[in-house]
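Here's the letter readout for the chains.
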Amino acid sequence: MSIPQSPFAALMDIAPRPPVVFADGQGSWLYDTQGKRYLDLVQGWAVTCLGHSPAPVVKALTEQAARLINCSPAYHNEQAVKLAQALTRASGLDQAFFANSGAEANEGAIKLARKWGEKHRGGAYEIVTTVNGFHGRTLATMSASGKPAWKTLFEPKVPGFPKVPLGDIAAVEGAITDRTVAVMLEPIQGEAGVIPAGIEYLKALRELTEKRGILLILDEIQTGMGRTGSLFAFEQAGIRPDVMTLGKGLGGGVPLAALLARREVCCFEYGDQGGTFNGNPLMCAVGSAVLAEITAPGFLDRVQAAGARLWKGLETLAVRHGYGAVRGQGLLLALDLKKPVGPAIVEQALADGLLLNAPRPDTLRFMPALTISDTEIAQAMTMLDGVCGKVGG
Ligand SMILES: *Cc1c(COP(=O)(O)O)cnc(C)c1O
């Protein structure tokens, strides 16, 4: 007699996943194959920014799929042109290159900076990045990331990414040499547990990089597209980077990312950069639909109001259960639990029909749909209160 195989046996086991299988989603709700519903405050890691299967994304996908799906990056297509125009106009940057994942966009940013260094800074190639920063899972972006657990993984690393602690401007100054071409960071470190770089630090970095003639690269893959209450997080610091990457929310759930840069920095030559699926009309049509929603009058005001409401709810919860502070911006928030009860809370919440993420054992991260309703926020807080009561401290 043979032992029945797990239905998951054909999938590479790359993360500890609960034995739940999701089949449907609508707005802030997911449904598993048993029909049980879950209030989703993870949203694919801040990816499905308009919620699950939102009408504008479904419409863009179905309409564009019937017209043109892919015509090769060897030719221009209507949708890539349209999205590049809209994103450059919205960001104040001049040119865009589209990619299929955040890591790929960051890989492009690294290549662009190195090319610029080769042309304009005597072959400089080092990019100063931050301790605990996260930029993706390709070899170069893992090397650029400052995740302590990755330090000895997949050796040898791609060289050229000296790390500094986030928030320490003197450390950045000390790390800049003739070999330095750029400073690269997230405006709010997401995977590290929602750690804001801080407005003063971002301003100081902008000033410093300008003075030293090097590039400022902002990884807005998690913070961009309205997540922090403004279209891009850099706007809140009153600065503009030389290079920015977008991903996650840009596609509202479909694989779409972008590398944007100032004209003077855009120095790729033919053959330097490309990709089979890059800038395909199907994904770009979705990107335009998502951007139109987020920039519609009142949308970002709603995100700010929802963020404030969630913040208040979490503060109330923290007082009731003896947790610590709330941090973050807009609808990218974290709650300091002060104890390593995060995984237990996430597990109990799943059982109770609430999807949460604990990026660190002592931290819960909240990245709901930007369209989450007041009622759903209240529902989430009630459910979480119950979960915390069950888990205890
Ligand atoms: C998710 C993320 C990435 C990587 O994006 P992928 O699409 O998973 O490759 C890079 N940087 C930041 C800040 C992210 O949050």
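Residues numbered from 1 in each chain as written. Predicted model: local features only at pLDDT ≥ 70, side-chain atom pairs only at ≥ 80, totals over all residues. Heavy atoms only, no water.

You'll find the chain entered in an unreviewed UniProt entry as Acetylornithine aminotransferase, with Thalassobaculum fulvum given as the organism. As stated in UniProt under Subcellular location (unreviewed entry), the record for the chain gives "Cytoplasm". Regarding the chain, the UniProt comment filed under Pathway (unreviewed entry) reads as follows: "Amino-acid biosynthesis; L-arginine biosynthesis; N(2)-acetyl-L-ornithine from L-glutamate: step 4/4." (UniProt positions renumbered as here; feature names shortened; annotations may be inferred.)

Undergrad: If you had to explain the packing of helix α2 (residues 55–67) against helix α8 (residues 281–294) to someone new, which residues and values would you point to?
TA: For the pair α2 and α8, the least separation of the axes is 9 Å and the interaxial angle reads 150°. The angle between α2 and α8 falls in the class roughly antiparallel. Taken as a pair, α2 and α8 cross one another with a handedness that is right-handed. On α8, the residues touching P56, V57, A60, L61, Q64 and A65 of α2 are P281, L282, A285, V286, A289, V290 and E293. A breakdown of the residues in the contact of α2 with α8 according to their chemical character gives eleven nonpolar, one polar and one charged. (Axes fitted to C-alpha atoms, helices over the stretch in contact; angles between N-to-C directions. Helix = DSSP H or I, 4+ residues; strand = E, 2+ residues; numbered from the N terminus. Parallel < 35°, antiparallel > 145°, perpendicular 65-115°, else oblique. Left-handed = near helix turned anticlockwise from the far one by under 90°. Contact = heavy atoms within 4.5 Å. Nonpolar A, V, L, I, M, F, W, Y, C, P; charged D, E, K, R; others polar.)

Undergrad: Could you give an account of the site of the ligand, with specific residues and numbers?
TA: Near the ligand you find S101, G102, A103, N106, F134, H135, G136, E186, D219, I221, Q222 and K248, and these make up its full shell. At 3.3 Å, a backbone N or O of F134 approaches a nitrogen atom of the ligand. Broken down by element, the shell around the ligand gets its largest block of residues, three residues, from helix α4 (residues 102–120). Its residues placed into classes, the shell around the ligand shows three nonpolar, six polar and three charged. (Near = heavy atom within 4 Å. Polar contact = N/O pair within 3.5 Å; in protein donor to acceptor, adjacent residues only side chain to side chain.)

Undergrad: So what about the UniProt feature "binding site: pyridoxal 5'-phosphate" (unreviewed entry) in the chain? Which residues, and what values?
TA: Those residues carrying the UniProt feature "binding site: pyridoxal 5'-phosphate" (unreviewed entry) are G102, A103, F134, D219, E220, I221, Q222 and T276 in this numbering. The largest pairwise C-alpha distance within this set of annotated residues, which runs over 175 residues, is 25.5 Å, so the set is dispersed in three dimensions. Here D219 is to be found in strand β10 (residues 215–219). Setting aside residues no more than four positions away along its own chain, D219 makes contact with N106, F134, H135, L185, E186, P187 and T245. One can find E220 in the loop between β10 and β11 (243–246). When neighbours within four sequence positions are excluded, E220 is seen to be in contact with P187, F232, A233, F234, M244, T245 and L246.

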